[in-house]
Amino acid sequence: MMSAIRYFFTLLFFFPVLTLASIESGLNETQVNTLIDKTTGLKTWQLTQSDLELQLVQRLPDQTRGFFQGRGFNKQQANKIATQCVFQTIVKNTGLKKTGKPISISLKNWRIIHQPLSINKNKITQGIKLKEDWANEWLTIKDKNKQVKPSARIAFKWATFPSEQTFEPGGDYNWGMISFGLPPGAWFDLHIFWQSNQASEQVQFHDQWIKNIQCPEDISIDNNERI
Amino acid sequence: MYLQIRFLQIKFQSEFKSAFILSLFITIVLHSSLVFSEQSLTSLSKAQPAPGFSLLDMDGVKHQLSDYKGQPVIINFWATWCPPCRAEMPSMERAWNKIKDECIAMLAINVGEDEDTVFTFLGDYPANFTILLDQSGAVSEQWPVRGLPTTFIVSPDGQIVYRAIGGREWDDEQLLDQIRQIK
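All names here are of chain B. Put simply, helix α2 (residues 83-99) and helix α5 (residues 173-180) touch, their axes get as near as 12 Å, and they point 50 degrees apart. Between α2 and α5, the crossing angle belongs to the class labelled oblique. For α2 against α5, the interelement crossing comes out right-handed. Here Ala 95, Lys 98 and Ile 99 of α2 come into contact with α5, specifically with Glu 173, Leu 176 and Arg 180. The residue inventory of the contact of α2 with α5, partitioned by class, reads 3 nonpolar, no polar and 3 charged.

Here it is in structure tokens:
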């Protein structure tokens, strides 16, 4: 009997200690992991900090070509998008409804630092090629035969990640493609910015680096060779 | 005497260890269930009028939002190529089976795809709730949709009262109760 009581109190002591420890570690820990898909060999860069979870998943240019050609883009148009370093991006607010805060992301603030392929050039800092940049580019095409079809524009709009979005705690997340505007195989560092509690007076600004990200090589699925 | 003390020490250590392991297990289970299974809708701080629409379903029948006045309406924007949309589709069907007799409507508006594409998709993901086609994307433009899937809950008087960005397990009872409460 004494033993059972002692056991119960030991359990009672450990439970809150471990709960606090797990919550504390979840709040403060920043993790950047690189994962490799065993089947495809494609890499994922995953950032976890506070309630933000971000994943950047490589997309082979062939995957992106196929996707957009199947949705109204012609071969040249689809190829132009596919060779601009496209990643499937997943953003999630992992905060709980009662304790979490909204997370706001604006891709306009994100910065890329990369080393151009020619050896003598200095590192370059640039922004992301946003969906609005693509839409503006297509507006300037005068030749009717080269214009992007409305159905293709609709598909592009919804398949790409919004330039600005707020994610509420309690399960909000989104998927979408981001084109980083770099050639296949290029390496870059990404500086990510986000805000929590944007709409309130307790707004907090966050930033984090993900280093050594690689744009997927342009490999043909048929012959597994670089194009 | 020494042996007796040693025996008690060993017994206490093993109790201590097993209590620690059990606490650790309970903590991990509780923490992970809280983090990964929360299914909730975001209440809009200021309800806004739901933009009206007139769209065709898979049988060519016209549906207007005003047809559903007087009952809560779940309006889901989706596309066949969107992985989280595909993931939540079976739970929407299960939810529909739970609520179809409760005077709650469920409309899934496909964004930008043609009837053939959606028809093929529904062969793999059967849905008995209403699927509407917004082929031009004009309706989706009028709603505050930023990504797919996005779901809105419209109150019986035509106001958007809840929003969910990204997929949910729609047959979750707590989530459905949030919708039932606006009836």
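Tracing the sequence through the fold places Ser140(B) in helix α4 (residues 138-142). For Ser140(B), the side chain forms a polar contact with the side chain of Asp134(B), separated by 2.6 Å. Apart from the residues within four sequence positions on either side, Ser140(B) is in contact with Trp158(A), Phe77(B), Val111(B), Asp134(B) and Val145(B).

This brings us to the state of the cysteines. Under the criterion given, the structure shown has 2 disulfides over all chains. The partner cysteine of Cys85(A) in its disulfide is Cys215(A), sulfur to sulfur 2.2 Å. For the disulfide bridge between Cys85(A) and Cys215(A), the dihedral angle about the S-S bond is near -90 degrees, and by the sign convention the bridge is left-handed. You can see Cys85(A) sitting in the loop between α3 (75-82) and β4 (86-93) and its partner Cys215(A) sitting in the segment after β11 (204-214), a full 130 residues away along the chain. Exposure class is identical for Cys85(A) and Cys215(A). Each is buried. Here Cys82(B) pairs with Cys85(B) through a disulfide, and the sulfurs are 2.2 Å apart. Across the disulfide from Cys82(B) to Cys85(B), rotation about the S-S bond amounts to roughly 80 degrees, and the bridge is consequently right-handed.

With that settled, the discussion passes to the side chain of Ser155(B). Position of Ser155(B) among the secondary structure elements: in the loop between β7 (150-154) and β8 (159-165). If we ignore the near neighbours within four places in the chain, the residues touching Ser155(B) are Gln71(B), Val161(B) and Ile182(B).

All names here are of chain B. Enumeration over the complete set of coordinates arrives at 14 salt bridges over all chains. Asp 171 is the salt-bridge partner of Arg 94, the closest N and O atoms lying 2.7 Å from each other. Here Arg 94, found in helix α2, pairs with Asp 171, found in the loop between β8 and α5; they are 77 residues apart in sequence, far enough to count as distant. In this structure Arg 94 comes out as partly exposed when scored by relative accessible area, which is 38%. Members of the salt-bridge network, linked through shared partners, are Lys 98, Glu 102, Glu 173, Asp 177 and Arg 180.

Here we come to the confidence of the model for chain B. Low-pLDDT portions of the prediction should not be read for the details of their coordinates. For chain B, the mean per-residue pLDDT works out to 88, and 80% of the residues sit at or above 70. Confidence over residues 28-36 of chain B falls short of pLDDT 50; this stretch has 8 contacts with residues more than four positions distant or in other chains.

What follows concerns the sheet that holds strand β9 (residues 173-179) of chain A. Residue and element names in this part refer to chain A. The sheet built from 5 strands is open, its strands ordered β1-β2-β3-β4-β9 with antiparallel pairing. Of all strands in the sheet, those bounded by a partner on one side alone are β1 (30-36) and β9. With strand direction ignored, the average angle separating the axes of adjacent strands in the sheet is 15 degrees. Summarising the sheet, strand β3 (residues 52-58) and β4 pair through 7 bridges and their orientation is antiparallel. From the neighbouring strand, Gln 55 faces β4, where its bridge partner is Ile 90.

Here we come to the packing of aromatic side chains. Applying the stated rule across the entire model yields 20 aromatic pairs over all chains. Residues Phe87(A) and Phe180(A) carry aromatic rings whose centres are separated by 5.5 Å and whose planes lie at 85 degrees to one another, so their mutual orientation is edge-to-face. Here the residue Phe87(A) occupies a position in strand β4, and Phe180(A) occupies one in the loop between β9 and β10 (187-196), the gap between them amounting to 93 residues. Like Phe180(A), Phe87(A) is buried. Where Phe180(A) meets Phe188(A), the ring centres are 5.0 Å apart and the plane angle is 35 degrees; that geometry is what we call tilted. When sorted by exposure, Phe180(A) lands in the same class as Phe188(A), which is buried. The structure contains a cluster of three or more aromatic residues connected by ring pairs, namely Phe67(A), Phe68(A), Phe73(A), Trp134(A), Trp138(A), Phe156(A) and Trp81(B). Across from the ring centre of Phe67(A), 4.0 Å away, lies the NZ or CZ of Arg71(A), which sits over that ring. Looking at Lys129(A), its charged tip hangs above the ring of Trp134(A), at a distance of 3.8 Å from the centre.

A few words now on the sheet that holds strand β4 (residues 73-78) of chain B. Residues and elements named next belong to chain B. Spatial ordering of the open sheet is given by β1-β8-β7-β4-β5-β6-β2-β3, a layout of 8 strands whose pairing is mixed. Because the sheet does not close on itself, it has two edges, and the strands there are β1 (42-49) and β3 (62-64). Each neighbouring strand pair of the sheet contributes to a mean axis angle of 35 degrees, computed without reference to strand direction. Bridge analysis of strand β2 (residues 54-57) against strand β6 (residues 130-134) gives 2 bridges, and the strand direction is antiparallel. The partner of Leu 56 across the bridge, within β6, is Leu 133. Packing of helix α3 (residues 115-124) onto the sheet brings it into contact with β4, β5 (105-111) and β6, and relative to β6 it is tilted by some 150 degrees.

Omega for the bond connecting Leu148(B) with Pro149(B) falls within 30 degrees of zero, at -5 degrees, which places this linkage in the cis form. Its location among the elements puts Pro149(B) in the loop between α4 and β7. A positive phi angle is found at Asn212(A), which is not glycine, with a value near 55 degrees. For Asn212(A), the position within the fold is in strand β11.

Reading the values: rules and limits
Per chain, the residues get numbers from 1 upward, laid out in the order the sequence is written. Here the convention is simple: chains get letters from A, ligands get numbers from 1, in the order in which they are written. Reporting in this predicted model follows two pLDDT cut-offs: at least 70 for local features of residues, and 80 or more for side-chain atom pairs to be given and counted; totals over whole chains, interfaces and linings ignore these cut-offs and use all residues. By convention in this description, side-chain values take in all heavy atoms of the structure and omit both hydrogens and water. In this description, a line fitted to the C-alpha atoms serves as the axis of each element, helices being fitted only across the stretch in contact, and the angle between N-to-C directions of two axes falls anywhere from 0 to 180 degrees. Helix and strand labels come from DSSP, where a helix needs a run of H or I of at least four residues and a strand needs a run of E of at least two; each type is numbered from the N terminus. Angles below 35 degrees are treated as roughly parallel, those above 145 as roughly antiparallel, those between 65 and 115 as roughly perpendicular, and all remaining angles as oblique. In this scheme the handedness of a crossing depends on how the near helix is turned from the far one: anticlockwise by less than a right angle means left-handed, clockwise means right-handed. Residue contacts are defined here by distance: any two heavy atoms, one from each residue, within 4.5 Å place the two residues in contact. Residues were grouped as follows: Ala, Val, Leu, Ile, Met, Phe, Trp, Tyr, Cys and Pro as nonpolar; Asp, Glu, Lys and Arg as charged; and all remaining residues, including Gly, as polar. Here a polar contact is taken to be a pair of N or O atoms separated by no more than 3.5 Å, where protein atoms must pair a possible hydrogen donor with a possible acceptor and residues adjacent in sequence count only if both atoms sit in side chains. A pair of cysteine sulfur atoms is labelled a disulfide when the two atoms are within 2.5 Å. Partly exposed residues are those whose accessible area sits between 20% and 50% of the maximum for their type, while under 20% is buried and over 50% is exposed, using a 1.4 Å probe and protein chains only. Here a salt bridge means any side-chain nitrogen of Lys or Arg lying within 4 Å of a carboxyl oxygen belonging to Asp or Glu. Scored from 0 to 100, pLDDT reflects the predictor's confidence in each residue. Between any two strands, pairing holds if DSSP finds at least two bridges. Working definition: rings of Phe, Tyr and Trp (its six-membered ring) pair if their centres are within 6.5 Å, and the pair is stacked with planes under 30 degrees apart, edge-to-face with planes over 60 apart, and tilted otherwise. In this scheme, the term charge over a ring applies when either NZ of a lysine or CZ of an arginine sits within 6 Å of the ring centre and within 35 degrees of the ring normal.

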